[in-house]
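Structural description and commentary
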Amino acid sequence: MKTTTRVAIIGGGVVGASVLYHLTKLGWSDVMLLERSELTSGSTWHAAGGFHTLNGDTNMAALQGYTIKLYKELEEITGMSCGLHHVGGVTLADNQDRFDMLLAERAKHRFMGLETEIVGPEEIAKIAPVTNLEGIIGGLYDPLDGHLDPSGTTHAYARAAKMGGATIETHTMVKETNQRPDGTWDVVTDKGTIHAEHVVNAGGLWAREVGAMAGVYLPLHPMEHQYLVTEEVPMIKEMMAEGREHPHVMDPAGESYLRQEGMGLCIGFYEQTCRPWAVGGTPWSFGQDLLADDFDKIEESINFAYRRFPDLERAGVKNVIHGPFTFAPDGNPLVGPVPGLRNYWSACGVMAGFSQGGGVGLTLAQWMIEGEPERDVFAMDVSRFGKWISPGYTLPKVIENYQKRFSVSYPNEELPAARPHHTTPMYDIFSNMGAVWGQQFGLEVPNYFAQGDEPTFETPSFRRSDAFDATGREVRAVREGVGINEVQNFGKYLVSGTNARVWLDKVMAGRVPDIGRISLTPMLSPKGRLIGDFTMSCLGEELFQLTASYGAQAFHSRWFEQHMMDGVTVENISDRRTGFQIAGPKARELLQACTLDDVSEMKFLDVRPMTVGMTNCLVQRVSYTGDLGYEIYCDTMAQRQLWQTLWEAGQTHGIAPFGMRAMMSLRLEKFFGAWLLEFGPDYTAAETGLDRFISFKKNTDFIGRAAAEKERADGPARKLVAFEVDALDADVQGYEPIWHEGTVIGFCTSGGYSHFAAKSVAQGFIPTPQATEGLAVEIEILGKMRPARLITTPLFDADGARMRG
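Residues numbered from 1 in each chain as written. Predicted model: local features only at pLDDT ≥ 70, side-chain atom pairs only at ≥ 80, totals over all residues. Heavy atoms only, no water.

Moving on, we get to the pattern of salt bridges. Summed over all chains, the structure comprises 46 salt bridges. Across the pair Lys108 and Glu105 runs a salt bridge, and its minimum N-O distance is 3.2 Å. On the criterion of helical spacing, the pair formed by Lys108 and Glu105 is a turn pair, its members being three residues apart in helix H3 (residues 96-112). Both residues of the pair, Lys108 and Glu105, count as buried. A single network of salt bridges, built from pairs that share partners, joins Arg479, Asp627, Glu669 and Arg802. (Salt bridge = Lys/Arg side-chain N within 4 Å of Asp/Glu carboxyl O. Helix = DSSP H or I, 4+ residues; strand = E, 2+ residues; numbered from the N terminus. Buried < 20%, exposed > 50% of the residue type's maximum accessible area, 1.4 Å probe, protein only.)

Right, dumping it as structure tokens:
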């Protein structure tokens with residue numbers, strides 16, 4: 001066995017084999033896979049082997065599309081069969097909400113190049129004749145859906161990797177992973193120690209245990225999953241005699257998926273009475289094993305399936321497959337460099353291995369070899385969960401995710417499991433004021449405040465929800481008087497040290513401000529993509545505060561760690577420093593009533609220490625609402641006292657609390673972008689307009705400068721623009737296609753209703769040459785073409801006089 005390697009991959013399931021293959025495909029041949037048993041041991045060998053493109057995240061859907069198209073390439077490379085059955089598949093909708101979800105997904109697919117189509121009951125009867133269509137109003141057909149041979153596919157990945165120079169060691173148990181001072185790893189196995197530059201955890205069912213060897217907790221948990229294979233079904237036999245194979249059928253109402261297996265049918269369930277497996281840890285003795293049959297937990301699911309697919313009841317059960325596989329709390333994989341560790345990579349939590357495994361392998365190989373993946377993969381980035389997460393949080397979220405595997409995924413839905421988790425000192429005060437809570441990165445955040453008989457739960461919907469009136473009230477309170485909300489849900493960092501300014505000049509593309517001033521700046525990847533959009537405040541010659549998205553803390557902290565230099569300290573103070581934002585035409589009067597400082601002297605983008613009431617604060621003249629406003633930061637222990645000061649003084653100014661629903665409406669009126677909507681690694685500064693904050697004059701080779709300068713010279717091919725939309729009862733949510741003269745020319749990034757301007761607004765990308773005032777387009781919202789017009793003048797404070805005055 002080799003004793004040195006560039007990459008040691010731990011785990012020989014389909015994901016580990018895919019990572020191994022893609023590393024060789026992209027040029028690294030000195031790579032090794034270590035498997036304690038045989039390839040496919042764990043979850044891979046007993047998987048149902050289905051694949052599909054449907055996913056709520058468009059980049060995940062694109063990677064699933066890549067995975068499916070990859071299988072024919074593998075067969076051509078290796079001469080091995082993956083057992084492909086491209087039979088197509090239909091997802092059923094038995095109510096309007098489910099149909100709305102399918103309409104929204106079909107719209108997204110238009111600009112992704114996926115050839116799905118909405119079908120009615122008559123078409124479904126022809127496509128999937130085993131289906132009882134009673135109550136079905138429509139479906140989404142995807143010709144790419146199908147199934148394969150899990151073992152054959154995994155071995156095809158392995159052979160292709162070996163052809164590229166990779167080494168595979170089976171029956172080799174990893175005992176320890178120990179990091180050396182230089183960042184490389186000693187991987188201790190039962191056959192000796194291997195010195196590796198990089199370690200990839202593709203441990204599957206054992207990923208938790210493998211992670212613990214490196215001192216890492218990976219938030220995932222195995223769940224029991226059961227599917228049945230029937231004896232011969234006459235209708236299937238007739239179809240086979242005609243040279244046809246029955247397509248997949250996903251039935252969300254029955255929490256089931258169905259496909260043909262031989263002359264019979266295979267059906268699996270995501271039952272509500274689900275059971276977690278191996279709560280105390282996955283036993284090392286488990287391998288190519290199954291769990292005992294358990295019909296009790298799927299009894300209701302089977303009875304529903306008999307009504308939906310009557311042929312099932314008439315066919316005997318041939319096989320029962322009952323085995324575990326792993327979920328992360330949100331159901332997406334855990335992929336990428338693990339924060340806090342050098343050269344340690346995650347490729348686990350891939351519950352849909354034959355839909356996602358190829359995309360996961362490609363993404364990780366690009367990340368390792370090229371420094372960044374080709375697309376925004378935050379939906380599966382291991383950094384989307386921070387150090388706050390624990391096994392006690394993971395388990396109920398995984399159970400919830402399993403139960404909702406086939407449920408409608410609403411854009412405004414707030415899932416209840418494991419909540420509340422993190423709360424600020426304002427939680428009880430806001431709850432008593434009618435707060436309807438959302439969550440971000442484990443933190444409870446007010447979405448809006450219900451009054452009177454208004455519901456204290458926002459009903460999930462694709463259309464305007466029952467939060468609409470409350471949101472409008474809060475927007476008007478800000479625009480007409482003064483509103484207040486927390487600034488807890490900003491990620492906050494202190495940068496200090498003799499090289500603080502030098503480091504910020506290198507890491508940030510924008511101008512580093514002078515003492516007492518603020519600047520807005522993008523943070524770029526080497527390829528010029530957006531890694532962050534930050535507010536940078538200079539508190540002293542060697543002391544700065546950075547603020548950005550709260551949910552990107554681990555993502556941004558990892559980037560800081562990867563680009564650290566001597567003489568700099570970066571502290572994540574997101575939960576140590578909190579406070580409030582006040583905004584609106586009376587914000588200055590309110591702040592002046594609470595301090596002895598002369599607030600009138602504060603200019604836009606000023607920052608200064610200030611005592612507000614009894615509390616020592618840091619006050620910034622800036623506001624994401626686009627109005628006259630201030631961000632007032634304090635120590636977490638002083639937040640309630642600061643609230644009391646501001647709230648009591650605000651009574652004479654008509655103060656009102658506002659939540660994130662109002663915030664998102666307010667920022668749309670100014671065409672402000674939001675992280676992971678308008679801004680993210682899929683986009684560049686020039687495309688989004690953030691290039692106006694890049695300091696091309698500074699004499700620093702900041703990260704991404706060459707790419708940004710090239711795009712500055714060439715001009716971006718597409719541009720972020722705003723539209724006024726003639727909407728009905730549903731506004732743009734994101735990824736709706738933008739049509740012009742019968743052709744899709746772009747897509748929306750976000751949208752909503754501007755309560756102040758009383759207009760529906762959307763933002764999105766279109767080709768730069770077409771980005772002209774008044775361009776008439778159509779935006780497809782829930783299957784309906786809605787007229788829209790490109791606008792370049794903000795709907796509020798167009799000249800910025802109120803914001804800057």
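Take the nonpolar core next. Counting 45 residues, the largest nonpolar core has Ile9, Leu23, Leu74 and Val200 as the members making the most contacts within it. Of the residues forming this core, the biggest block, seven residues, is contributed by helix H1 (residues 14-25). Filtering out sequence-adjacent residues up to four positions away, Val200 remains in contact with Val7, Ala8, Ile9, Ile10, Val19, Trp345, Ala347, Leu364 and Met368. Judged by nonpolar contacts, the second largest core, of 38 residues, contains Tyr493, Ala548, Ile694 and Leu720. (Core = buried A, V, L, I, M, F, W, Y, C linked by side-chain atoms within 4.5 Å. Contact = heavy atoms within 4.5 Å.)

Moving on: the sheet that holds strand S15 (residues 264-269). On the basis of which strands lie adjacent, the open sheet formed by eight strands has the order S5-S6-S4-S13-S14-S15-S12-S16 and mixed pairing. Edge positions in the open sheet fall to strand S5 (117-119) and strand S16 (317-327), since each of these has one partner strand only. Between one strand and the next, the sheet's axes are offset by a mean angle of 25°, whatever the strand orientation. Looking at chain direction, strand S4 (residues 89-93) and strand S13 (residues 248-251) are connected through three bridges and run parallel. Looking across to S13, one finds that Thr91 is bridged to Met250. Packed onto the sheet, H3 meets S4, S5 and strand S6 (138-142) and runs at close to 30° relative to S6. (Pairing = 2+ DSSP bridges. Axes fitted to C-alpha atoms, helices over the stretch in contact; angles between N-to-C directions.)

Before going further, it helps to examine the packing of aromatic side chains. What the rule picks out here adds up to 33 aromatic pairs. When the ring of Tyr270 is compared with that of Tyr402, the centres are 4.9 Å apart and the planes differ by 50°; the resulting orientation is tilted. Of this pair, Tyr270 sits in the loop between S15 and helix H8 (299-308) while Tyr402 sits in helix H11 (residues 391-403), placing them 132 residues apart in sequence. With respect to burial, Tyr270 and Tyr402 carry one shared label: buried. Here Tyr410 and Phe462 contribute two aromatic rings whose centre-to-centre distance is 5.3 Å and whose plane-to-plane angle is 45°, an arrangement assigned as tilted. You can see Tyr410 sitting in the loop between H11 and helix H12 (427-432) and its partner Phe462 sitting in the loop between strand S20 (443-449) and helix H13 (468-480), a full 52 residues away along the chain. The pair formed by Tyr410 and Phe462 is uniform in burial state, with each residue classed as buried. Over the aromatic face of Tyr270 sits the side chain of Arg405, whose NZ or CZ is 5.5 Å from the ring centroid. Directly above the ring of Phe796 sits Arg479, whose terminal nitrogen or CZ lies 3.7 Å from the centroid. (Phe/Tyr/Trp six-rings, centres within 6.5 Å; stacked < 30°, edge-to-face > 60°. Lys NZ or Arg CZ within 6 Å of the ring centre and 35° of its normal.)

For helix H2 (residues 58-78), with 21 residues, the first-to-last C-alpha span of 30 Å sits near the 30 Å given by 1.5 Å per residue. The sharpest bend along H2 measures roughly 30° and falls at Leu70. Two to three positions downstream of the cap, the backbone nitrogen of Asn59 sits 3.0 Å from a side-chain oxygen, assigning the N-cap of H2 to Asp57. Phi turns positive, to about 75°, at Gly79, one or two residues after H2. (Expected span 1.5 Å × (residues − 1). Bend = angle between axes of the 7 residues up to and from the residue. Polar contact = N/O pair within 3.5 Å; in protein donor to acceptor, adjacent residues only side chain to side chain.)

Moving on: H13. In this model H13 runs 18 Å from its N-terminal to its C-terminal C-alpha over 13 residues, within 8% of the 18 Å that 1.5 Å per residue would give. Turning to H13, its buried residues number three or more, namely Ala470, Thr471, Gly472, Glu474, Val475, Ala477, Val478 and Arg479. Contact partners of the buried residues in H13: S20, strand S21 (482-486), strand S27 (577-583), strand S31 (655-657), helix H18 (660-669) and helix H21 (801-804).

Moving on, we get to the sheet that holds strand S25 (residues 543-549). Taken in spatial order, the five strands make up an open sheet running S23-S24-S25-S22-S26, and their pairing is antiparallel. This sheet does not close on itself; its edge strands, each paired only once, are strand S23 (518-524) and strand S26 (569-572). The sheet shows a mean angle of 30° between the axes of neighbouring strands, taken without regard to direction. Both strand S22 (residues 490-496) and S26 contribute to a ladder of four bridges, which runs antiparallel.

Here we take up the pairing of strand S28 (residues 607-612). By the bridge criterion, six bridges tie S28 to strand S29 (residues 615-620) in an arrangement that is antiparallel. Its bridge partner being in S29, Pro609 is matched across the sheet by Leu618.

Once that is clear, we can look at empty space enclosed by the protein. With the rule as written, the count across this model stands at one cavity of 30 Å³ or more. Put simply, the largest cavity is a space of about 80 Å³. Elements supplying a minimum of two residues to the lining of the largest cavity: S20 and S21. When grouped by side-chain class, the residues that make up the lining of the largest cavity number five nonpolar, four polar and two charged. (1 Å grid on protein atoms, 1.4 Å probe; cavity = no way out; pocket = protein on both sides within 12 Å on 5 of 7 lines; lining within 4 Å. Points joined across faces, edges and corners; volume = space filled by probe spheres on them. Nonpolar A, V, L, I, M, F, W, Y, C, P; charged D, E, K, R; others polar.)

A few words now on the side chain of Ser549. Turning to its location among the elements, Ser549 is positioned in strand S25. One polar contact links the side chain of Ser549 to the main-chain amide nitrogen of Gly551, over a distance of 3.3 Å. Filtering out sequence-adjacent residues up to four positions away, Ser549 remains in contact with Gln440, Gly491 and Trp675.

Right, let's get into unusual backbone geometry. Here the residue pair Arg419 and Pro420 is connected by a cis peptide bond, since its omega of -5° sits within 30 degrees of zero. Along the chain, the position of Pro420 falls in the loop between H11 and H12. Phi angles above zero are rare outside glycine, and Ala418 is one such case at about 60°. Here Ala418 is to be found in the loop between H11 and H12. Looking at Ala418, the relative accessible area reads 23%, which means it is partly exposed. Residue Asp797 is not a glycine yet carries a positive backbone phi of 50°. Mapping Asp797 onto the fold places it in the loop between strand S37 (784-791) and H21.

What follows covers the packing of H13 against H18. The relative placement of two packed helices is expressed as an angle between their axes plus a distance between the axes. Where H13 meets H18, the closest approach of the two axes is 8 Å, and the angle between their N-to-C directions is 55°. If you check the angle between H13 and H18, you find them oblique. Crossing hand, H13 versus H18: right-handed. Residues Thr471, Glu474, Val475, Val478 and Arg479 of H13 lie in contact with H18, whose contacting residues are Arg661, Ala662, Ser665, Leu666 and Glu669. Looking at the contact of H13 with H18 residue by residue, the class counts come to four nonpolar, two polar and four charged. (Parallel < 35°, antiparallel > 145°, perpendicular 65-115°, else oblique. Left-handed = near helix turned anticlockwise from the far one by under 90°.)

Packing of helix H5 (residues 150-163) against helix H10 (residues 353-370) brings their axes to within 12 Å, and their N-to-C directions diverge by 10°. With respect to H10, the axis of H5 lies roughly parallel. In contact with Pro150, Thr153, Thr154 and Tyr157 of H5, H10 contributes Phe354, Gly357 and Gly358. Taken together, the residues of the contact of H5 with H10 sort by class into three nonpolar, four polar and no charged.

For the rest of this paragraph, the subject is the pairing of strand S33 (residues 737-740). Neither face of S33 is open: one carries Pro737 and Trp739, the other Ile738 and His740, and all of them are buried. Of the pairings in the sheet, the one linking S33 to strand S34 (residues 743-754) comprises four bridges and is antiparallel in character. Counterpart to Trp739 in the pairing with S34 is Val744. Counting the residues between successive antiparallel strands, the hairpin from S33 to S34 contains two residues, one of them, Glu741, with a positive phi of roughly 55°. Sheet topology places S33 next to strand S36 (residues 776-781); two bridges connect them, and they run antiparallel. Its bridge partner being in S36, Trp739 is matched across the sheet by Glu778.

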